Structure formats: C-alpha cells, structure tokens
Amino acid sequence: MTSNLNEWRKMWWVCLCFFLGLLAYESIIVLPAWILLYLLTQGTPARSVVRWIVVLLATAGLHLVIRVVLSGSIIGEYGEGVLQSSFLNGLGRSLKAMGKTFLPPSDNKLLLQGAFVAVIILLTYSLVRFFQRYARENRTIVFLRLLVAGYAISLLMPALAGVSTRTSEGGRLLLMPAIFLCMTLSLLLLKMVRPDWLQITVIITAMVAGCILLEMDNYRWQRASESVREVLGLLKKHEGKSLLVANLPEEIDGAYVFRVGFKEALLIHGIDTGMVKVVSVVKRDQGVPAAFTVQDRVHSLDGNLTGNYYPPVVLSWDGTKWGEVPFQVNNKQ
C-alpha cells in the first residue's frame with residue numbers, strides 16, 4: 001500500500017496476498033474494510049477507492065467460488081455452528097476475543113477478569129498519554145488510529161464465531177487481530193518507554209513468554225494427535241469385531257480431536273464403519289464422565305444392540321488415554 005509501484009501493480013500484489021491469506025485463515029476476510037479506511041485517511045481519489053474495493057471484493061468472491069467448488073460449502077461442517085448464537089451476545093464475545101489477544105486461556109474466571117480489567121486500564125492510560133504527547137505529530141497520530149481501527153475491525157470474525165477463554169479454542173481467529181495489536185504495542189513501546197535498556201527488557205520478556213505459551217499450545221496439539229492415533233490403532237486392532245466408542249473427545253484443551261471427521265478417519269484407515277458405534281461424545285469445555293457413567297450409557301444400549309453390535313468391544317477415553325471398558329452382559333445368552 002505504501003510502495004512506489006503504480007496503482008494497478010500495487011492492486012495485483014495486494015490482491016494476491018489477500019487471496020493467499022484467505023486460503024490460510026478466514027479472519028482476513030475483513031481486510032478490505034481496513035484498506036478502505038486507510039485509503040480514505042490518505043485522501044485517495046474516489047475513483048481509485050472504488051477500483052480498490054471492486055478488485056478486493058472480486059478476489060474474495062473468487063475465493064468463495066473456488067471454496068464451494070472444491071469443498072461443496074462455504075464454511076464447512078465445523079463452521080455451521082459459528083453464527084448460531086444470538087447477536088445480542090456479540091458484546092460478550094467481543095470482550096472475550098479482545099481479552100484473549102492479551103491473556104492466555106485459564107480456568108480461573110476471576111483471575112482472567114481481573115487481569116483483563118488491569119490490561120484495559122493500562123492500555124487506555126498509555127493511549128491517552130500517547131495522544132497527549134504526540135498531538136502535534138499528525139502522521140504518527142493517524143498511523144496509531146489506523147492500527148487501533150485495524151485491531152477493532154479484525155476482532156469482528158472472532159467476535160462472531162466466539163472463542164474459549166478456558167482453552168486455545170478459536171485461537172486461529174485471533175492471528176489477524178494480533179498483527180495490529182503487536183504493531184500498536186510496538187509503537188507505544190518505542191515512543192513511550194525509556195530508557196533503551198527497559199525497552200530491550202520488555203521485548204525479551206515478551207518473546208520468552210510467547211515462546212513458552214507457544215510450546216504449551218504445541219504440546220496440547222501433540223496430545224490430540226496421539227489420542228487420534230491411539231483410538232484408530234485400537235479400532236484397527238479389533239477389526240472384524242463389533243465396537244462401541246465411549247467419550248469420544250471433540251477436543252483436548254482446545255486442540256481438535258474428533259469434532260468432525262470421525263467417520264472419514266475410519267474410511268481412510270480402512271475400518272468398517274458399520275462395525276463401529278459412538279456411544280457418547282465429550283463436548284467443548286465438558287468434563288469426561290466418570291467410569292460408572294460410561295458403563296451405564298453402554299449398558300442402556302443393551303436392548304438396542306443387535307446383529308453386528310452385540311457383544312461389542314467397548315473403547316473409552318478417560319481424559320488422558322484410551323482403554324477397553326468391560327462390557328456387562330444383561331440378560332443375553
């Protein structure tokens with residue numbers, strides 16, 4: 001946007017990057033709104049603004065057409081539940097999304113709320129001081145306003161979809177807001193924090209904390225992958241037998257396991273889907289039922305188990321690993 005290329009070349013590169021971004025993360029779909037704001041603040045002629053909006057919307061439209069042709073839908077099975085909640089809950093979801101860009105997930109609700117309030121007070125104070133100190137530097141003020149506006153605009157997707165403050169669920173939707181947030185904090189740091197050694201200390205501390213949190217998140221995804229491999233291995237091991245799967249986890253601490261795609265995973269691994277029946281599913285932010293509950297759920301199906309499903313091998317997830325649960329025969333010969 002700020003290069004010396006002519007307008008059409010600039011449009012080509014911006015649209016190419018926009019298209020590649022859409023292939024990676026859907027939250028970038030709001031980028032045209034920020035570009036429109038940027039063009040207006042730069043005094044761009046109306047005809048040029050219209051051209052930019054047309055080519056950006058055409059790029060988004062091309063992406064949606066390709067997405068529908070290849071996948072058969074726009075948002076997919078997982079995304080179908082994204083916009084189900086009431087619009088009146090939008091403010092709460094926005095605050096959650098905003099808080100999660102600053103704070104790691106936690107089960108301690110009061111701690112998160114207190115930390116969020118503290119962050120908002122500190123950030124508000126820093127912004128007010130910044131505007132007071134650099135009120136005469138118009139370009140700097142406009143740049144900061146663009147960054148803050150970009151942050152607010154990019155929160156639209158996570159606010160609509162909702163994010164979990166207890167797990168890493170929805171974290172991918174915060175990547176674009178994080179870009180604007182990091183640029184905003186960097187500007188505040190460089191302009192407001194003195195001396196230089198304190199700037200360096202803050203930067204190093206933030207980098208170390210980020211690396212630690214990233215590794216913790218990677219560990220959760222590794223656990224999710226291991227649980228998938230484990231259950232598919234057990235199902236393959238008992239191939240040819242009737243199988244019941246209890247407590248099938250949708251996720252592990254926000255890392256997806258089998259929210260969608262369980263049947264497809266069976267087909268890919270050559271497991272007969274007709275011999276596998278899911279008894280119960282552990283949903284988002286839901287604890288794993290106790291062992292006796294699993295038994296009760298399985299036993300309650302006794303009267304409905306016929307043909308291939310009786311007597312079955314029962315595989316159950318206990319929150320840490322998969323294992324076989326003894327199946328009690330109730331009045332069956």
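Residues numbered from 1 in each chain as written. Predicted model: local features only at pLDDT ≥ 70, side-chain atom pairs only at ≥ 80, totals over all residues. Heavy atoms only, no water.

**Student:** Report on the side chain of Ser48, specifying residues and quantitative values.
**Tutor:** In this fold, Ser48 is placed in helix H3 (residues 46-71). The exposure class of Ser48 is buried, given its relative accessible area of 5%. (Helix = DSSP H or I, 4+ residues; strand = E, 2+ residues; numbered from the N terminus. Buried < 20%, exposed > 50% of the residue type's maximum accessible area, 1.4 Å probe, protein only.)

**Student:** Describe the packing of aromatic side chains, naming the residues involved and giving the relevant values.
**Tutor:** For the structure shown, the criterion picks out eight aromatic pairs. The interplanar angle of 40° and the centroid separation of 4.9 Å between the aromatic rings of Phe130 and Tyr134 together place this pair among those described as tilted. Like Phe130, the residue Tyr134 is buried in the burial classification. Every member of this aromatic cluster is reached through a ring pair, and the members are Trp34, Tyr38 and Phe180. (Phe/Tyr/Trp six-rings, centres within 6.5 Å; stacked < 30°, edge-to-face > 60°.)

**Student:** Could you give me a rundown of the packing of helix H2 (residues 31-41) against helix H7 (residues 138-154), with the residues and numbers involved?
**Tutor:** Packing of H2 against H7 leaves a shortest axis separation of 10 Å and a crossing angle of 160°. In this view, H2 runs roughly antiparallel relative to H7, as classed from their interaxial angle. Read as a crossing pair, H2 and H7 show a hand that is right-handed. Residues Ala33, Trp34, Leu37, Tyr38 and Thr41 of H2 pack against Val142, Leu146, Ala149, Gly150 and Ile153 of H7. When grouped by side-chain class, the residues that make up the contact of H2 with H7 number eight nonpolar, two polar and no charged. (Axes fitted to C-alpha atoms, helices over the stretch in contact; angles between N-to-C directions. Parallel < 35°, antiparallel > 145°, perpendicular 65-115°, else oblique. Left-handed = near helix turned anticlockwise from the far one by under 90°. Contact = heavy atoms within 4.5 Å. Nonpolar A, V, L, I, M, F, W, Y, C, P; charged D, E, K, R; others polar.)

**Student:** How would you explain the environment of Met176 if you had to name every residue and give the values?
**Tutor:** Assignment of secondary structure puts Met176 in helix H9 (residues 175-192). Accessibility expressed as a relative area gives 9% for Met176, which makes it buried. Linking Met176 and Leu155, residues 21 residues apart in sequence, is a C-alpha distance of 8.2 Å. Those residues within four positions of Met176 in sequence are excluded, and the remaining contacts are Ser27, Ile28, Val30, Leu31 and Ser154.

**Student:** Help me get a handle on the pairing of strand S7 (residues 313-317), residues and values and all.
**Tutor:** Among the five residues that make up S7, five are buried, leaving the element largely enclosed by the rest of the structure. Burial of S7 is two-sided: the residues Val313, Leu315 and Trp317 facing one way and the residues Val314 and Ser316 facing the other way are all buried. Sheet analysis places strand S1 (residues 243-246) next to S7, joined by four bridges and oriented parallel. Residue Leu243 lies in a different strand from S7, and its bridge partner there is Val313. In the sheet, S7 pairs with strand S8 (residues 322-325) via four bridges, with the strands oriented antiparallel. Paired with Trp317 across the two strands is Trp322, which belongs to S8. Hairpin connection, S7 to S8: the antiparallel pair is bridged by four residues, and Gly319 has positive phi, about 105°. (Pairing = 2+ DSSP bridges.)

**Student:** Would you mind going over the pattern of salt bridges in detail, with residue names and values included?
**Tutor:** Counting across every chain of the model gives six salt bridges. Of the charged contacts, one joins Glu239 and Lys236 as a salt bridge, the two residues approaching to 3.6 Å between their closest N and O atoms. Between Arg259 and Glu251 there is a salt bridge, and its shortest N-O distance comes to 2.8 Å. Of the residues examined, Glu251 reaches a relative accessible area of 10% and is grouped as buried. Among the ionic contacts, a cluster of salt bridges with common partners joins Glu250, Glu251 and Arg259. (Salt bridge = Lys/Arg side-chain N within 4 Å of Asp/Glu carboxyl O.)

**Student:** Now, about the environment of Ala97: what can you tell me, with residues and values included?
**Tutor:** Mapped onto the elements of the fold, Ala97 is located in helix H5 (residues 90-102). Along the backbone, Ala97 and Met157 are 60 residues apart, and their C-alpha atoms lie at a distance of 9.3 Å. If we skip the residues at most four places from it in the chain, Ala97 touches Leu155, Pro158, Ala159, Val163 and Leu174.

**Student:** I'd like to hear about the side chain of Ser154, residue by residue, with values.
**Tutor:** Examined against the element boundaries, Ser154 turns out to sit in helix H7. In this structure Ser154 comes out as buried when scored by relative accessible area, which is 1%. A distance of 2.9 Å separates the side chain of Ser154 from the backbone oxygen of Gly150, its partner in a polar contact. Discounting chain neighbours no more than four positions away, the residues touching Ser154 are Val30, Met176, Pro177 and Phe180. (Polar contact = N/O pair within 3.5 Å; in protein donor to acceptor, adjacent residues only side chain to side chain.)

**Student:** Can you break down the sheet that holds strand S5 (residues 276-278) residue by residue, with the values?
**Tutor:** Through backbone hydrogen bonds, the strands of a sheet pair up, either in parallel or in antiparallel fashion. With mixed pairing, the four strands of this open sheet are ordered in space as S5-S1-S7-S8. Strands at the two margins of the open sheet, each flanked by one partner only, are S5 and S8. Each strand axis lies, on average, 25° off the axis of its neighbour in the sheet, ignoring direction. Lying on the sheet, helix H10 (residues 196-237) is in contact with S1, S5, S7 and S8; it crosses S8 at an angle near 35°.

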